[in-house]
Amino acid sequence: MVAAAAVVLLGVTSCQDDLPPTPTGSSGYWSTAPQTDEQRWELLRKIRAIDPCALIPRSELTKIDTVRWVDVRRPDWCEARMGSTEAGKGTELSWSLLVAPNGIKQSEPGRTTTIGAVTVGTLSDLDANPDLQDQLVQRNCTASASFPSTAAVMIFVTTPLGTEPCPVAEAVIPTILAQLDKEPAHGTSPDTPLTALLGRDPCAVANELGVPLAVADQREWKCSFPYRGDDIEVQYTYDKEALVVKGEPIFTINGHLGYGDPDATELHSYNAIVGPVVPSAQPESFLGPKLPVVNVYGRDGAVVEEVLRRATALFPAA
């Protein structure tokens, strides 16, 4: 259902009463739009440095229901389960911090509200498609908080049938705004493991290659740039072992294994494992544990492998 909620990411509006006004933060940083490229780079650095799980502490999650687990999905994405662990019975809440240079498009099925300088929107499943009323097995809501700085927080909620999911998102947004102003570093939340990716810049390899970068093309944990006639994307992420390890490794650098894409034809997605397993509060799935990964994506396999090799070499020896 989280994946389904992501489909409506571009249409985010409010489905409940207006939220009470609350300060956007004493520092005012997130309420100021960047004016120069250096300020845009600074925004990316600040976003990468923040612990997403610390934006909604467990003390706030317990107000929703009994907390079963809190886990990191990606360096910028945290998720939690409250209440029953039975399928379709409990409440799941996930949230991520990102940069949205062009803002988040609002749509009409619901309403948009503001909290100070922050634009808030929520969209429930039935707002988006009332005809689903008799087909749902649980409820879901997608929410956003967009800042003048071009930072944004996305929130995804699933709740049992018979409940409204958007009030869950609305209830935690003031906490997110207050916590974001504190800029909590990774590790502030006891549920956030410190991994090899944290504190690192996905554009470091482009700088190593001497490739000029356009800040407008960059996102919090992704770096995009042209190289040797190819359009390259480098991503620092966590991924399941079975999705990373495909066939025999194509190289070992500093003790880190790099894997190609044996099934690739026109598009290539290569990965290198740059650290130990990422601890998880959830039961291990059939896909295996989460791993800290450098992923490189492009059309030319030789160029993709070269960039991955150079990116992997930037990490300390295992």
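An account of the accompanying structure is given in this report. (Residues numbered from 1 in each chain as written. Predicted model: local features only at pLDDT ≥ 70, side-chain atom pairs only at ≥ 80, totals over all residues. Heavy atoms only, no water.)

Description of the nonpolar core
Right, so step 1: If you look at the biggest cluster of nonpolar residues, it comprises 70 residues, and the most contacted ones within it are Leu93, Ile155, Phe225 and Val307.
Right, so step 2: Looking at this core element by element, the count peaks at eight residues for helix α5 (residues 166-182).
Right, so step 3: Listed in part, the seven residues of the second largest apolar core include Trp77, Ala100, Ile104 and Phe156. (Core = buried A, V, L, I, M, F, W, Y, C linked by side-chain atoms within 4.5 Å. Buried < 20%, exposed > 50% of the residue type's maximum accessible area, 1.4 Å probe, protein only. Helix = DSSP H or I, 4+ residues; strand = E, 2+ residues; numbered from the N terminus.)

Here we look at the sheet that holds strand β5 (residues 118-124)
Right, so step 1: Taken together, seven strands build an open sheet; the order of strands is β1-β2-β3-β7-β6-β5-β4 and the sheet is antiparallel. The sheet terminates laterally at β1 (67-74) and β4 (112-115), the two strands that pair on one side only. Here the average twist between neighbouring strands, direction ignored, is 20 degrees.
Right, so step 2: Here helix α2 (residues 37-49) sits on the sheet in contact with β3 (91-99) and β7 (151-160), set at roughly 150 degrees to β3. (Pairing = 2+ DSSP bridges. Axes fitted to C-alpha atoms, helices over the stretch in contact; angles between N-to-C directions. Contact = heavy atoms within 4.5 Å.)

Some remarks on α5
Right, so step 1: Its 17 residues give α5 an end-to-end C-alpha distance of 25 Å, which sits within 8% of 24 Å, the value for a rise of 1.5 Å per residue.
Right, so step 2: The axis of α5 is deflected most strongly, by about 30 degrees, at isoleucine 173, and proline proline 174 appears within four residues downstream.
Right, so step 3: Counted residue by residue, α5 has twelve buried out of 17 residues, so it is predominantly covered.
Right, so step 4: Taken together, the buried positions of α5 are occupied by Cys166, Val168, Ala169, Glu170, Val172, Ile173, Thr175, Ile176, Leu177, Gln179, Leu180 and Asp181.
Right, so step 5: Taken together, the buried residues of α5 touch α3 (58-61), β3, β4, β5, β6 (138-146) and β7.
Right, so step 6: Glutamate 183 sits one or two positions beyond α5 and adopts a positive phi of about 50 degrees. (Expected span 1.5 Å × (residues − 1). Bend = angle between axes of the 7 residues up to and from the residue.)

With respect to the side chain of serine 96
Right, so step 1: With respect to the helices, strands and loops of the structure, serine 96 is situated in strand β3.
Right, so step 2: With a relative accessible area of 8%, serine 96 lands in the buried category.
Right, so step 3: Once residues lying within four places of it in the same chain are set aside, the contact partners of serine 96 are Asp76, Trp77, Ala152, Val153 and Met154.

Side note on the sheet that holds strand β13 (residues 290-298)
Right, so step 1: Taken in spatial order, the six strands of this open sheet run β8-β9-β13-β12-β11-β10, and their pairing is antiparallel. At either end of the open sheet lies a strand with only one pairing partner, and these are β8 (222-227) and β10 (251-253). For this sheet the average axis-to-axis angle between neighbouring strands, irrespective of direction, equals 25 degrees.
Right, so step 2: The sheet contact formed by β10 and strand β11 (residues 256-259) spans three bridges and is antiparallel. Of the residues in β11, the one forming a bridge with isoleucine 253 is histidine 256.

As for unusual backbone geometry
Right, so step 1: With phi around 80 degrees, threonine 150 is a residue other than glycine that occupies positive phi space.
Right, so step 2: Position of threonine 150 relative to the elements: it lies in the loop between β6 and β7.
Right, so step 3: A relative accessible area of 19% places threonine 150 in the buried class.
Right, so step 4: In this model, arginine 228 sits at a positive phi of 50 degrees, which is unusual for a non-glycine residue.

Digging into the packing of aromatic side chains
Right, so step 1: Within the structure shown, the criterion is met by three aromatic pairs.
Right, so step 2: Where tyrosine 29 meets tryptophan 30, the ring centres are 4.9 Å apart and the plane angle is 90 degrees; that geometry is what we call edge-to-face.
Right, so step 3: The ring of tryptophan 77 carries arginine 73 above its face, with NZ or CZ at 4.4 Å from the centroid.
Right, so step 4: We note arginine 200 situated over the ring of phenylalanine 315; from NZ or CZ to the ring centre the distance is 4.9 Å. (Phe/Tyr/Trp six-rings, centres within 6.5 Å; stacked < 30°, edge-to-face > 60°. Lys NZ or Arg CZ within 6 Å of the ring centre and 35° of its normal.)

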